[in-house]
Amino acid sequence: AKRNPEHKYVFYDNGMRERSGFTLGLESDLRRAGNGDEFELYFQPKLDLATDRVIGAEALIRWQHPTRGMVSPAEFIPLAEETGLIWDIGAWTFMEACRRLAGWIEQGIPIPSVSVNLSPRQFQDARLVGFVRSVVDASGIPPDRLELELTEGAMIGDIEKAVTILNGLKDVGVRLSIDDFGTGYSSLAYLKRFPIDTLKIDRSFVRDIVKSSTDPAIVGTIVNLAESLGFDTIAEGVETVEQAEMLRQQRCTRIQGYLISRPLPVEAFEAFMRARVVT
Ligand code: C2E
Ligand code: CA
Ligand code: CA
Ligand code: CA
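Residues numbered from 1 in each chain as written. Chains lettered and ligands numbered in written order. Predicted model: local features only at pLDDT ≥ 70, side-chain atom pairs only at ≥ 80, totals over all residues. Heavy atoms only, no water.

Chemist: Looking at this model, I keep getting lost on helix α2 (residues 73-83). Mind explaining?
Modeler: One full turn of an α-helix is made of 3.6 residues, so residues set three or four places apart face in the same direction. Buried residues of α2: F76, L79, A80 and E81, and no others. You can read the cap of α2 off the contacts: a side-chain oxygen lies 3.0 Å from the backbone nitrogen of A74, and it is on S72. Note on α2: the residue one or two positions beyond its end, G84, has a positive phi of about 85 degrees. (Buried < 20%, exposed > 50% of the residue type's maximum accessible area, 1.4 Å probe, protein only. Helix = DSSP H or I, 4+ residues; strand = E, 2+ residues; numbered from the N terminus. Polar contact = N/O pair within 3.5 Å; in protein donor to acceptor, adjacent residues only side chain to side chain.)

Chemist: Can you help me understand the coordination of the calcium ion (ligand 4) in this one?
Modeler: Perfect tetrahedral coordination of a metal by four donors corresponds to 109.5 degrees between them, and perfect octahedral coordination by six donors corresponds to 90 or 180 degrees. Donor atoms from the polypeptide that bind the calcium ion (ligand 4) are D180 (OD) and D180 (OD), placed at 2.8 to 2.9 Å. In this structure the calcium ion (ligand 3) is found 3.6 Å away from the calcium ion (ligand 4), and D180 serves as a bridging donor for the pair. Along the chain, D180 turns up in strand β6 (residues 175-181). (Donors = N, O, S within 2.8 Å, 3.2 Å for Na, K, Ca; no water.)

Chemist: Mind showing me how you'd approach the pattern of salt bridges here?
Modeler: Side chains bearing opposite charge may pair, as long as their charged atoms lie close to each other. Inspection of every chain in the model, using the stated rule, returns 18 salt bridges. The closest approach of N and O atoms between E160 and R193, which form a salt bridge, is 2.9 Å. Here the residue E160 occupies a position in helix α7 (residues 159-172), and R193 occupies one in the loop between α8 (188-191) and β7 (198-201), the gap between them amounting to 33 residues. For E160, a relative accessible area of 47% gives the class partly exposed. Put simply, E245 and R248 hold a salt bridge, and the shortest N to O gap is 2.9 Å. Here the residue E245 and the residue R248 both occupy positions in helix α11 (residues 241-249), the gap between them amounting to 3 residues, near one helical turn. Connected through shared salt-bridge partners, K46, E58, E147, E149 and K200 make up one network. (Salt bridge = Lys/Arg side-chain N within 4 Å of Asp/Glu carboxyl O.)

Chemist: Whenever I open this one, the pairing of β6 confuses me. Can you help?
Modeler: Residues in a regular strand project their side chains so that they alternate between the two faces of the sheet. Of all 7 residues making up β6, 5 are buried, and the element is well covered by its neighbours. Note that strand β5 (residues 146-151) and β6 share 5 bridges and pair parallel. By the bridge assignment for β6, E149 is matched with S177. Of the strand pairs in this sheet, β6 and β7 are connected by 3 bridges, and their pairing is parallel. From the neighbouring strand, S177 faces β7, where its bridge partner is T198. (Pairing = 2+ DSSP bridges.)

Chemist: How should I be thinking about the packing of helix α3 (residues 86-107) against helix α5 (residues 128-139) in this particular structure?
Modeler: A pair of packed helices is characterised by two quantities: the angle between their axes and the separation of those axes. Closest axis-to-axis distance for the α3/α5 pair is 10 Å, and the angle between their directions is 25 degrees. As far as their axial angle goes, α5 and α3 are roughly parallel. Classified by chirality, the crossing of α5 by α3 is right-handed. Residue-level contacts link W87, A91, F94, M95 and C98 of α3 to L128, F131, V132, V135, V136 and S139 of α5. (Axes fitted to C-alpha atoms, helices over the stretch in contact; angles between N-to-C directions. Parallel < 35°, antiparallel > 145°, perpendicular 65-115°, else oblique. Left-handed = near helix turned anticlockwise from the far one by under 90°. Contact = heavy atoms within 4.5 Å.)

Chemist: Whenever I open this one, the coordination of the calcium ion (ligand 2) confuses me. Can you help?
Modeler: Here the calcium ion (ligand 2) is held by E58 (OE), N117 (OD1), E149 (OE) and D179 (OD), and the distances to it run 2.2 to 2.3 Å. Each donor residue of the calcium ion (ligand 2) lies on the same chain, and together they follow the pattern E-x58-N-x31-E-x29-D. Between the calcium ion (ligand 2) and the calcium ion (ligand 3) the interatomic distance comes to 3.9 Å, and D179 is a ligand of both metals. Of this pair, E58 sits in strand β2 (residues 53-65) while E149 sits in strand β5, placing them 91 residues apart in sequence. What makes E149 buried here is its relative accessible area of 1%.

What follows is the structure in structure tokens.
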């Protein structure tokens, strides 16, 4: 870079300007949206094929931007992570999920549990355990009806620290799952030390499971591994009956995906649940 400063400068400057133009616009919008008015939680049911029961729902954030329309979390969560805004957004998400679940419990809508996603920076924030404890206490919800979904990426680096945080969360009593399982780097030595409840088998293993010569075996191996370690499994991104059948053959009966339902806004989710109870 030093040998050719001029070239380097021009290249870098153009790249930066484009990037920060996009990022700055969205970042200030994200700050403004942070009061909660533009955010909404959608809920996607999780089903156990063995009992045909809804075992829970995953809360997924939606951002209704006044001019850009719906902005995908895949777009703004990484930005929120980079800028530190994720703490406030995540706090809102967790409180809102608790508020919704408390309402459903009160109305007698039978939703066993609600899960919330935590990104790596939220997981590593020193305030996390205290925050979760105080919100759970204030909500009056039995803590084991709340679940946190974490990726392996949140837990690599300082394993001792990760184990301490996970134990702190288990002390509160919430359930823990590893999201996108199979795409990260958890070694078996670490996995057995994590006090988690569920492995969420990544969508990439489900997508091609019907055609692939290897993916059924991979899923089967994850299910066996989970069983040995005392964890449950659930497969995400299940879109077809054939995929569900292949998963069932590998003894993974818990599924989530468009086959059951897309993520739904609250009223539609409640209607979905009511329709299931009646039939
Ligand atoms: P994720 O946690 O892996 O969530 C699953 C994603 O797959 C969701 O995308 C969901 O809408 C989508 N999906 C569900 N079923 C199917 C299916 O059958 N087929 C396909 N192709 N996709 C399906 P979404 O809602 O756009 O969220 C994307 C990611 O953004 C999430 O991935 C999660 O990492 C993150 N995210 C979403 N909400 C939150 C949140 O409240 N907090 C944090 N920290 N991250 C969030
Ligand atoms: Ca998730
Ligand atoms: Ca996932
Ligand atoms: Ca994912």
